[in-house]
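Close look at the chain arrangement
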Amino acid sequence: LLLKAMCPEKLILAIGAHVYRSLGEQFIIFPSTTMSDLWNSSSKSTPIVFVLSTGADPTSMLLRYANDMNMADSMGKISLGQGQGPKAEKMVAEGCKNGTWVLLQNCHLYRTWMPTLEKMCDGLEESNAVHKDFRLWLTSMPAVYFPVPVLQNGVKLTIEPPKGLRANVIRSFIPMTDHELCDSSKEKEWRKIQFGLKFFHAIIQERRKFGPLGWNIRYEFNDSDLEASTTITRNMLELDGKIPWDTLLFVIGHINYGGRVTDDKDRICLLAVLEQYVTPKILDPSYAFSSSGTYRCPPNCDVATVEGFREFVATFPLSELPEVFGMHENANITFTTQESEKVLGVVLSIQPRESGSGSGKSPEETVIELLIKQQETLPGLLSNENAHPDSFKIIEETNLMSSLGTCLTQEYGRFNELLKRLLKTIKDLQKAIKGTIVMTGELDDMYNSELNNQVPEMWTKGVGYPSLKPLASWFDDMVLRIEFFRDWIDKGMPISYWISAFYFPQGFNTSVLQGHSRANMIAVDALSFEFNIEDTDDPQEMEEPPEQGIYVHGLFMDGAAWDFQDMVITDQEVGIMYVKFPVINFVPWQNKKHNPDKWPAPLYKTSVRAGTLSTTGHSTNYVLSLEVDTRQTPTYWILKGAALLTMLND
């Protein structure tokens, strides 16, 4: 607990060290199992089950072993799905008779056939007519409907994709032959581009471990993407003339890999990564993939064999540094902290309710105290009865409420719904604990959430706003949000707007543009924002509203920092994960054009960054992009995964 409070990123290492000291090395090192081990552990009546994880496929490994055992030619293979059941049954029957192997792939895709599979496996144990050389191989993702007896009686192996950049690149070279390495009329270029593609494939897979810093959404790129890109690249190189780099970038980035990408910012990041490897620079012997020069094409790339490529990759560091991804070293702290949170989340989920000490408070008493405190500090409902004249101002020319007044009305209505839900559930849970009403499943979940300092789902589902804060911080933050809107209603329009307080900041931005549109008779579709960054992050220093637009404050920088001396974005300091962003002057601008020298910093509501398209046509997380000055190219910050956030997680 002390380590979690003081240095959470070291928690996983500390747990590993504790297990090593207490139980021994065998409990922290995963054993490696070979296909021959599986074969020796199995029998004609014992199915061998590969439990798959995303991005891993044991088929090629099994086929190589089947070839070594002279079973590849006679081996039956079928991918299960609708209508494949009779074919699979016939294949198994022939295998039992002739003593061949049968591979049934993707069992999880044929749910209705699973009872038949169970009966078939039971029949293998009871029958004496099964050939001694017969083996049944099964692959399946984890599924609740997979037959339990098959798992209990079978030999099971979990297949996971390789972890680490080095392991990923080596794995890409395993199925490759020397002939494939030389199979091009432009052999010299082909060898280097191949290596670059495999390195790119490993990079985009390993970026996932950094969470939102790597990708907003976790994509499951697999070997088929690399294989298709390799084939297309070879065909492109066979064309007469120069290498079509732009075409390769488009096909690989937008189609082969980009076809899986659903987030616009992730697509930009994918292309930024790809441009480092599909580039004429890769043909230069001095070109390196990282600033340190550790990662590059092999020096003997023109003549090396596939084994030589593998040996060269084996010299890469076992644990890669974030610099190879273009990231700051703080990215590793983010990764280890996320892993620690996952472990603690599992521990909390299995935590018993019983009190650890007879002299301490019971869980019921603890929750009752929390509920009473929450009820006492719960703000009153927001109302426009004694509102300031400017808060809900009516425009004389149109006889309509101002756009910001409409936005305020919608926002305080949402908060009132949340306050009503909070008050009702807090009272109900107190009654349920005392036994005066029935403890429903929802109230029981709320009880556990209160005990574990988590925001109850009853408070977020339907009426809540996106937030990753623990319960105590969430409650304080909610009170501050309501007080911001109460001040706006009672005292008039603020000098600077706390954008983090809004349920729907996109609607607030639209209200600002709409107000400018009405005042200047400009079509709102032709308007966007120009961003003027102020030289302070304290909104209290703003003595009066700006001449044009509005002041906005409350943003945080993730993956970057701000240089107040030169007024540009800059690198983080080591160990400082987030910093406040300066106050910004949002100025409505007609027909604004993007400045390619500035970095369009994406703004998200939470650090998760991933969102879905809501019924309003806006993302549930992404707000907008703010153009900021930078010394480096925009690509530099794209690779770092830098972004702006409206709130932190603590």
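Structure: above.
Definitions and limits used
Residues numbered from 1 in each chain as written. Predicted model: local features only at pLDDT ≥ 70, side-chain atom pairs only at ≥ 80, totals over all residues. Heavy atoms only, no water. Helix = DSSP H or I, 4+ residues; strand = E, 2+ residues; numbered from the N terminus. Buried < 20%, exposed > 50% of the residue type's maximum accessible area, 1.4 Å probe, protein only. Contact = heavy atoms within 4.5 Å. Pairing = 2+ DSSP bridges. Axes fitted to C-alpha atoms, helices over the stretch in contact; angles between N-to-C directions. Left-handed = near helix turned anticlockwise from the far one by under 90°. Nonpolar A, V, L, I, M, F, W, Y, C, P; charged D, E, K, R; others polar. Patch = residues over 30% accessible without salt bridge, like charges linked within 9 Å, V, L, I, M, F, W, Y side chains within 5 Å. Areas by Shrake-Rupley, 256 points an atom, 1.4 Å probe, with all protein chains shown as cover. Salt bridge = Lys/Arg side-chain N within 4 Å of Asp/Glu carboxyl O. Expected span 1.5 Å × (residues − 1). Disulfide = S-S within 2.5 Å. Parallel < 35°, antiparallel > 145°, perpendicular 65-115°, else oblique. Polar contact = N/O pair within 3.5 Å; in protein donor to acceptor, adjacent residues only side chain to side chain.

**With respect to the overall build of the protein chain**
From N to C terminus, the protein chain includes 22 helices and 18 strands. Viewed in the frame of its principal axes, the protein chain has a C-alpha envelope of about 90 × 75 × 50 Å. When the 650 residues of the protein chain are sorted by exposure, 45% land in the buried category. Considering only residue pairs separated by 6 or more positions, the protein chain has 73% of its internal contacts joining residues 24 or more positions apart.

**Structural notes on the sheet that holds strand β11 (residues 556-558)**
In space, the five strands of this open sheet follow the order β14-β11-β18-β16-β17, with mixed pairing throughout. Taken across any chain shown, the strands that pair with only one partner, and hence form the sheet edges, are β14 (578-580) and β17 (622-628). Here the strands of the sheet are splayed against their neighbours by 30° on average, with no regard to which way each runs. Here strand β16 (residues 599-604) runs beside strand β18 (residues 643-645); their pairing, made up of two bridges, is parallel. Counterpart to Y604 in the pairing with β18 is L645.

**What about the packing of helix α10 (residues 187-206) against helix α13 (residues 264-274)?**
One way to put it is that α10 packs onto α13 with a least axis distance of 10 Å and a crossing angle of 145°. Helix-helix and strand crossings are classified by hand; for α10 and α13 the assignment is right-handed. Only L270, V273 and L274 of α13 make contact with α10, whose side of the interface consists of F200, I203 and I204. The residue inventory of the contact of α10 with α13, partitioned by class, reads six nonpolar, no polar and no charged.

**Things to note about a nonpolar patch on the surface**
A contiguous nonpolar patch, built from I12, I15, V343 and V347 and spanning about 260 Å² of accessible area, is present on the exposed surface. Those elements that provide at least two residues to the nonpolar patch are α2 (11-23) and α15 (330-349). Among the secondary structure elements, I12 is positioned in helix α2.

**Observations concerning helix α20 (residues 471-491)**
Taking 1.5 Å as the rise per residue, α20 with 21 residues should run 30 Å; its terminal C-alpha atoms sit 30 Å apart, in good agreement. The set of residues buried in α20 consists of L471, W474, F475, D477, M478, V479, R481, I482, F484, F485, W488 and I489.

**Here we look at the sheet that holds strand β15 (residues 584-590)**
Here we have four strands laid out as an open sheet, ordered β8-β10-β15-β9, and mixed in their pairing. Bordering the open sheet on either side are β8 (496-498) and β9 (527-533), each of which pairs with just one other strand. Across the sheet, the axes of successive neighbouring strands diverge by a mean angle of 40°, strand direction being ignored. By the bridge criterion, seven bridges tie β9 to β15 in an arrangement that is antiparallel. Note on β15: the bridge partner recorded for I533 is I584.

**Re the state of the cysteines**
Evaluation of the coordinates by the stated rule reveals zero disulfides. C96 takes part in no disulfide bond, and the closest cysteine sulfur, belonging to C121, lies 9.7 Å away.

**Comments concerning the packing of α2 against α15**
Where α2 meets α15, the closest approach of the two axes is 8 Å, and the angle between their N-to-C directions is 60°. Taken as axis vectors, α2 and α15 run oblique relative to one another. Across the interface between the two elements, L11, I12 and I15 from α2 touch T336, E339, S340, V343 and L344 from α15. Taken together, the residues of the contact of α2 with α15 break down into five nonpolar, two polar and one charged.

**A short note on the side chain of S625**
Among the secondary structure elements, S625 is positioned in strand β17. Within the local environment of S625, its side chain forms a polar contact with the side chain of K265, the two groups lying 3.4 Å apart. Of note is the side chain of S625, whose polar atom sits 2.7 Å from the side chain of Y622. Discounting chain neighbours no more than four positions away, the residues touching S625 are K265, F531, P600, A601 and P602.

**Notes on the pairing of β17**
Most of β17 is tucked away: six of the seven residues are buried. Sheet analysis places β16 next to β17, joined by six bridges and oriented antiparallel. Its bridge partner being in β17, Y604 is matched across the sheet by Y622.

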